[in-house]
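Coordinates in review
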Amino acid sequence: MNDKIISQVCSTYNNNKTRMMDIVTTLNKQLGGIDDESIDLIAKATGSPRVLVESTISFYSFLSKDKKGDVVVRLCNDVVDNMQGAKEIKEVFEQELGIKCGETTEDGKVTLEETPCIGMCDQAPAALINETVVTSLTKDKAKQVAQDLKGGAAAETLVKDLGDGNNANDLVKSMVNNNVKKKGEVIFADREDNVGLKAAIEKTPESIIEDLKISKLRGRGGAGFPTGLKWAFTRSADGDNKTVICNADEGEPGTFKDRVILTEECNLLFEGMTIGGYVIGAETGIIYLRGEYAYLKVFLEDALDKRREANLLGKNILGKDGFNFDIRIQLGAGAYICGEESSLISSCEGLRGDPKTRPPFPAQKGYLQTPTAVNNVETFCSVARILEKGGVWFAEIGTEASPGTKLLSISGDCDNPGVYEFEFGVTINDMLSESGAKDTKAVLVGGPSGQIIGKDDFDKAICYDDLATGGAIVVFNSTRDILKIALEYMEFFVEESCGYCTPCRAGNVLLRNCLENIVEGKGQTTDLKYLEELGESVQFSSRCGLGQTSPNPILSTLKNFKADYEALVKEDDGFNPAFDINKALSVAEDIQGRKSVIFNENH
Amino acid sequence: MSEKTIKFKIDGKEIQGKVGQTILEAAEEAGIYIPRLCHLKGITPHGSCRVCTVKVNGRPQTACTQPVVEGIEVENDTEEITEHRKNIIDMLFVEGNHFCMFCQKSGNCELQALAYRFGILAPKYPYQFPKRELDATHPDIFIDKNCCILCGRCVQTSKDIDGKNVFEFVGRGPEKQLAVNSKANLAGTDISVTDKAAEACPVGAIIKKQEGYAVPVGKRLYDIKPIGSEIENK
Amino acid sequence: MTKPKIATTSLAGCFGCHMSILDIDERILQLVELVDFDKSPVDDIKKFTGRCLVGIIEGGCCNEDNVHVLKYFRENCDVLIALGDCAINGCIPSMRNEIPLKECFDEAYKDGPTVYNPEGIIPNDPEIPLVLDRVYPCSEVVKIDYHLPGCPPNADIIWEALVALLNNKPLDLPYELVKYD
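Facing 32 residues of chain A, the contacting portion of chain B comprises 30 residues. For the side of chain A that touches chain B, the secondary-structure elements that each account for two or more residues are α3 (36–46), α4 (50–59), α18 (482–496), α19 (502–519) and α20 (526–541) of chain A.

Let us look at the domain arrangement of chain A. Residues and elements named next belong to chain A. Split into domains, chain A comes out as domain 1 (2–59), domain 2 (71–160), domain 3 (182–395), domain 4 (405–480), domain 5 (486–566) and domain 6 (573–603). Centre-to-centre, using C-alpha coordinates, domain 2 lies 33 Å away from domain 3. Taken together, the contact pairs 15 residues of domain 2 with 13 residues of domain 3. Mapped onto the side of domain 2 that touches domain 3, the elements with two or more residues apiece are α5 (79–83) and β4 (132–134).

Here we come to the sheet that holds strand β7 (residues 141–144) of chain B. Residues and elements named next belong to chain B. Taken in spatial order, the three strands make up an open sheet running β6-β7-β10, and their pairing is antiparallel. What marks the edges here is a single partner per strand, and that holds for β6 (134–135) and β10 (206–208). In this structure, β6 lies alongside β7, joined through two bridges in antiparallel fashion. Opposite D135, over in β7, you have I143 as the bridge partner.

Each partner contributes to the interface: chain C provides 20 residues, whereas chain A provides 18 residues. At six residues, helix α3 (residues 64–76) of chain C tops the list of elements feeding residues into the side of chain C that touches chain A. Taken together, the residues of the side of chain C that touches chain A break down into 10 nonpolar, two polar and eight charged.

Glancing now at the environment of V186 of chain A. Residue and element names in this part refer to chain A. By the secondary structure assignment, V186 is in the loop between β5 (180–182) and α8 (195–201). The class of V186 is buried, set by 27 C-beta atoms lying within 10 Å. As for V186 and R594, which are separated by 408 residues in sequence, their C-alpha atoms are 72 Å apart. Setting aside its immediate chain neighbours within four residues, V186 contacts S382, R385, I397, G404 and T405.

Glancing now at the sheet that holds strand β1 (residues 71–76) of chain A. Residue and element names in this part refer to chain A. With respect to topology, four strands assemble into an open sheet ordered β2-β1-β3-β4, the strand pairing being mixed. With one partner strand each, in any of the chains shown, β2 (110–115) and β4 form the two edges of the open sheet. The mean inter-strand angle of the sheet, taken between neighbouring strand axes irrespective of direction, is 25°. Sheet analysis places strand β3 (residues 127–129) next to β4, joined by three bridges and oriented antiparallel. If you follow L128 over to β4, its bridge partner there is V133. Of the strands in this sheet, β1 and β2 touch helix α6 (residues 86–97), which is tilted by about 155° from β1.

Definitions and limits used
Residues numbered from 1 in each chain as written. Chains lettered and ligands numbered in written order. Predicted model: local features only at pLDDT ≥ 70, side-chain atom pairs only at ≥ 80, totals over all residues. Contact = placed C-beta atoms within 7 Å. Helix = DSSP H or I, 4+ residues; strand = E, 2+ residues; numbered from the N terminus. Domains from an automatic or database assignment. Pairing = 2+ DSSP bridges. Nonpolar A, V, L, I, M, F, W, Y, C, P; charged D, E, K, R; others polar. Buried ≥ 20, exposed ≤ 12 C-beta atoms within 10 Å, placed from the backbone. Axes fitted to C-alpha atoms, helices over the stretch in contact; angles between N-to-C directions.

This is the structure in structure tokens:
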């Protein structure tokens with residue numbers, strides 16, 4: 001029976017192994033898991049070594065070889081969710097379903113799992129149930145959901161009240177709320193669709209690049225590479241086929257701003273991508289949509305269809321002879337690393353999401369070896385607006401070196417979590433008061449790959465030369481244990497490292513373990529130097545942005561919250577406090593049915 | 001390949017490289033050894049072990065993947081970089097189960113040799129004691145994942161030189177491991193003992209059977225002279 | 001001037017490292033000129049008679065007695081040397097670390113191919129130290145000041161290290177002597 005489904009799905013994608021992600025995500029959904037026999041069949045159909053198929057499946061957390069339940073409940077275990085009671089919600093699910101996380105009910109109906117940030121920190125605790133998002137969970141709600149699922153309810157039926165805006169659209173039907181708390185001049189401004197695109201095709205690509213340079217637009221993902229320059233490189237690179245990719249894999253814990261753009265302003269994004277296609281001379285556009293946002297896929301596809309009908313995509317766009325461009329959606333499957341542009345390209349090519357060796361850079365050889373420009377959702381939107389209103393207009397917003405606005409996803413200990421469109425240059429203090437944060441002890445700027453800062457730095461500004469950020473802001477008040485939070489973020493990096501390079505794969509585990517000892521009161525003063533030196537080596541030697549920033553939760557708290565560490569570590573007295581004789585003996589004591597005589601006083 | 005030379009510096013010393021060469025290759029020709037593990041001549045560089053990380057105009061880059069560029073200043077043998085390299089080697093030792101005392105590769109193992117070269121007496125990190133598998137199903141070749149450092153040399157050699165796809169990685173992060181192109185095990189693949197992939201392993205993770213301990217202690221590759229001295233004393 | 005004192009012990013090791021100490025051959029005469037031996041299997045002194053400059057540890061910790069002795073050494077010695085691979089990384093004994101203890105017991109005392117134990121008894125005399133859940137390298141239990149690898153370490157490396165330590169010189173060991181096998 002599986003043979004038929006598999007050959008059908010493979011042929012939908014022309015048995016093309018570079019579409020492996022689509023093949024395996026579709027099959028995983030239909031079959032509940034892709035077993036060894038299925039892997040062989042896929043390998044045969046696509047002419048791919050079986051181990052390569054297995055490699056791809058094994059990489060993504062939403063895919064598996066084992067068959068899972070009809071419904072998979074993925075409870076978000078992000079720091080913000082945990083602050084808002086996710087652990088209790090998990091207990092309710094475990095109790096009601098009679099299984100532990102990682103298990104499937106005996107009747108094969110429900111699998112319970114945990115997953116890192118699903119982009120719902122403004123309405124935490126949240127869960128992903130198949131592709132349906134359930135938000136603002138309480139213990140009562142969780143109980144109801146679990147009981148419904150036990151009774152065989154389909155995931156979609158769990159949505160009772162629809163969210164605002166397009167969340168209520170027939171093609172979305174989601175309970176997610178946008179929570180747009182502040183509208184700015186660029187992204188959430190009143191405007192007319194496609195004015196930028198129409199202006200663009202009247203110009204030459206070179207003059208658009210000039211506009212972008214005048215605007216001083218820099219990438220909104222966090223790294224801040226000048227967009228005009230990136231597009232100029234990609235345009236001038238050798239190669240007939242070029243590619244424009246939108247990075248909609250916002251996986252940085254605490255960020256959810258692209259979710260809102262995708263829900264409310266997808267046409268602005270498509271417009272920006274189409275302009276990108278025009279500028280660099282690309283006919284292929286891809287939106288890499290994180291698997292967690294699969295609930296938006298049908299809606300986005302419909303929007304793309306409408307654009308095709310209106311000749312805003314396709315051949316000779318808007319009557320411009322030879323301007324051909326189209327966009328497809330590439331769904332991810334649960335891998336933070338795929339937010340790294342070269343990993344994202346690997347994933348689009350149907351491979352495991354390993355970053356690629358640079359050089360060659362994506363602008364030279366990216367997607368399927370074609371020159372490729374990868375940009376953030378917000379960057380494309382800004383491009384469309386710049387084409388509409390001019391580079392000078394844009395350059396005057398924000399600060400001299402960081403023009404424009406920045407969407408910030410603010411969550412955690414504040415009264416008004418949501419998406420804020422601020423001009424660059426806004427200080428942490430301004431942001432805190434606007435979001436209704438009180439008694440703030442620490443702020444995570446830029447997600448765990450950014451910095452955890454303390455009061456001394458609250459007068460700093462969000463911009464490329466002070467606090468650069470992709471947009472994730474998490475607020476912690478004075479009741480929070482900063483080191484436990486840092487530990488949760490280290491756990492996240494251990495989980496999400498692709499494992500390609502030594503320092504990130506092995507180093508993060510060691511960092512996590514040492515911090516865990518400290519948090520448990522089993523650390524010593526020498527551990528602080530150990531963490532610092534190890535963290536620096538991971539930062540220095542890692543192959544991509546993940547490893548180069550993964551020690552940040554530790555390094556930034558060592559810098560900004562040293563006293564929290566010092567309060568926990570013991571003076572070095574020659575004995576390793578992490579060694580626990582009771583634990584080391586407990587197994588033998590159980591087996592042999594006697595207690596230690598030597599270490600009796602400890603029992 | 002063009003014969004045009006590219007001038008650049010390593011630790012202040014002027015080097016002449018060729019167009020298309022990596023920093024590691026140009027250094028090697030000039031008698032400078034840049035420590036490395038995952039690098040193997042003739043295959044696509046993997047850039048995963050990170051041991052060859054140097055500073056190029058102040059930025060960390062792997063010498064095995066970075067092409068030479070006119071005028072760059074490369075730092076290689078500095079205290080800072082050596083410290084990072086030692087840390088990476090320590091990480092690799094504690095991440096796996098390396099029992100040198102009975103490993104067939106001991107004395108010829110590149111990981112061990114690098115540790116010797118750097119004078120490492122013991123890793124500074126706690127041993128992780130992971131559970132790893134063995135695969136002895138193949139009549140001529142043995143896989144011991146306890147030693148595997150995930151350098152990718154076997155994966156790439158099988159692809160680039162043998163024209164096969166015997167090996168690949170599965171899983172991610174600390175769970176990442178070597179897998180073979182067969183539902184069951186190595187015996188189910190098309191690997192042959194004459195494949196270059198069978199001898200690509202820098203450590204004792206892929207071993208040819210019936211060849212163990214052929215060279216007596218004292219005469220093995222790195223017993224007397226450190227790894228890299230063959231380049232430095234050219 | 002009283003001579004500095006040295007103590008040695010073998011924990012979860014095979015005494016091979018102690019054999020290697022004896023392998024310094026005639027230099028042992030020089031050594032006794034330089035130091036006195038305190039608690040050690042060499043002289044069978046069971047308890048420390050006073051503070052020692054150097055404690056040499058062979059073997060890792062596989063049972064509670066090993067931990068006890070190791071801590072006893074740390075309390076009584078200024079400098080601890082982990083001698084040999086077992087002390088440094090657990091070595092052969094630690095090959096059981098990935099196998100649950102119960103399985104190890106069953107294999108050793110009941111199910112092993114060469115075992116004759118019709119009553120299926122697992123030794124459990126109160127005199128037998130309890131076995132730890134896994135083998136711990138010494139540095140996981142106490143602070144170790146110097147590591148001398150090898151299985152066993154070459155006698156020359158032991159000699160070089162001791163001479164350097166006793167003369168307050170840095171440990172600068174020749175390449176050929178540092179080996180992990």
